[in-house]
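Next come the chains, spelled out residue by residue.
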Amino acid sequence: MEIRIIVPEEKRLDVFGVYDEKLKELRRMYPSVKIHARGSELRLRGSQDDVEMVREKILDMMRGEWDPLEADVDEEAYLEEGVITTFKKRIKPLTPKQLEYVRAIEEKDVVFAIGPAGTGKTFLAVAMAVKYLREGRVEKIVLTRPAVEAGESLGYLPGSYEEKVYPYLIPLYDALYSMIPYDRVRRMMDARVVEIAPLAYMRGRTLSDAFIILDEAQNTKTVQMKMFLTRIGPRSKVVITGDITQIDLPKHMESGLVEAERILQGVEGIGFVYFSKEDVSRHHIVKRIIEAYDRFGK
């Protein structure tokens, strides 16, 4: 497979680097893809999966979201192990903790992923859900989030409950669309093979043969968390993600994620993976922002 990418003049430094140092590093990291540069044009040649993966990296560089010169020096060691193949691209863990997370999802029935934003908790969980669906290991994907303000800040807005909580679910749609073509996602949703819904919609259901993700779980109430955990049916896989430093519940109310962490440690079939700012895989500035807030808090 061969594709061409035109790099706008204002993005050349982001992609090529000084004296092409970024391009050279990209070639070193992904030797299976031939990268030819001519003026502002890049030609990528290799297998479809590898070419699409490098294409995504180059687009991330254009957006300022990734820099090969600032990537973890041990990244290469994790490129093949833990690879997640979705309908659109291959996704690979970039840190030891991300690899531990992928392994835990394979090995445990329920996995709690706790840590700051930008560490790949939700993105990798959705990628694993798509992989399981693609391989026929589950029959459906269920993505859910608590909409903590649906009855408050959004209460004055016109429209149905679904329309009011939609903004809370956008990150889940974004992750899904990055891994499955848009039209296919819509067809899957029409057939209820993929379901994205607020946590309140889980009450009274039993979810079997499904990959279920509860995102932003720090904003669940304790009764909501117990309700969710008791929805799990046979042959299902569950991933629960959250950041216990970003709880939006009223101060007098305990987070269901915090309580579950305390109650479920050591229960067979349940795993906990803890991320830190060192695992942030968004724009490098995110890690610095988290560090600055940590210093301020102390």
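Now for a quick tour of the structure. This structure is a prediction, so every number in the text was calculated from the model and none was measured.

1. A few points about the pairing of strand β2 (residues 34-38)
- Pairing of β2 with strand β3 (residues 41-45) involves 5 bridges; the strand directions are antiparallel. By the bridge assignment, Ala37 is partnered in β3 with Leu42.
- Connecting the antiparallel pair β2 and β3 is a turn made up of 2 residues, with Gly39 showing a positive phi of about 65 degrees.

2. With respect to helix α8 (residues 222-229)
- Three or more residues of α8 are buried, namely Gln224, Met225, Met227 and Phe228. Axial view of α8: buried residues confined to an arc of 160 degrees, hence all on one face. Turned more than 90 degrees away from the buried face of α8 sit Val223 and Lys226, all of them exposed.
- As for α8, its buried residues are in contact with β6 (110-114), β7 (140-145), β9 (210-214), β10 (237-242) and α9 (256-264).

3. Some thoughts on the packing of α8 against α9
- For the pair α8 and α9, the least separation of the axes is 8 Å and the interaxial angle reads 60 degrees. Of the possible angle classes, the one that applies to α8 and α9 is oblique. For the crossing formed where α8 meets α9, the hand is right-handed. Residues Thr222, Met225 and Leu229 of α8 form the contact with α9, whose participating residues are Gly256, Leu257, Glu259, Ala260 and Leu264.

4. Quick word on the sheet that holds β3
- Here 3 strands make up an open sheet; going across it, the order is β1-β3-β2 and the pairing antiparallel. Taken across any chain shown, the strands that pair with only one partner, and hence form the sheet edges, are β1 (2-6) and β2. Pairwise comparison of adjacent strand axes, ignoring direction, gives a mean angle of 20 degrees for this sheet.
- Relative to β3, β1 runs antiparallel, the two sharing 5 bridges. Bridge pairing in β3 places Ile3 opposite Leu44.
- Its contacts with the sheet put helix α2 (residues 21-29) on β2 and β3, and the angle it makes with β2 is roughly 160 degrees.

5. Here's the deal with the packing of aromatic side chains
- Under the criterion given, the structure shown has 6 aromatic pairs.
- A centroid spacing of 4.7 Å and a plane angle of 10 degrees characterise the contact between Phe112 and Phe272, whose relative ring orientation is stacked. On the criterion of sequence distance, the pair formed by Phe112 in strand β6 and Phe272 in strand β11 (residues 270-274) is long-range, its members being 160 residues apart. Comparing Phe112 with Phe272, the two get one shared label, buried.
- A ring pair is formed by Phe272 and Tyr274, whose centres lie 6.3 Å apart and whose planes are at 10 degrees; its orientation type is stacked.
- You can call Phe272 buried: its relative accessible area is 14%.
- Among the aromatic residues, those joined into a cluster by ring pairs are Phe112, Phe272 and Tyr274.
- We note Arg12 situated over the ring of Phe16; from NZ or CZ to the ring centre the distance is 4.6 Å.
- Sitting above the plane of the Tyr132 ring, Arg137 keeps its charged end 3.8 Å from the centroid.

What counts as what
Residues numbered from 1 in each chain as written. Predicted model: local features only at pLDDT ≥ 70, side-chain atom pairs only at ≥ 80, totals over all residues. Heavy atoms only, no water. Pairing = 2+ DSSP bridges. Helix = DSSP H or I, 4+ residues; strand = E, 2+ residues; numbered from the N terminus. Buried < 20%, exposed > 50% of the residue type's maximum accessible area, 1.4 Å probe, protein only. Arc of directions from axis to C-beta. Contact = heavy atoms within 4.5 Å. Axes fitted to C-alpha atoms, helices over the stretch in contact; angles between N-to-C directions. Parallel < 35°, antiparallel > 145°, perpendicular 65-115°, else oblique. Left-handed = near helix turned anticlockwise from the far one by under 90°. Phe/Tyr/Trp six-rings, centres within 6.5 Å; stacked < 30°, edge-to-face > 60°. Lys NZ or Arg CZ within 6 Å of the ring centre and 35° of its normal.

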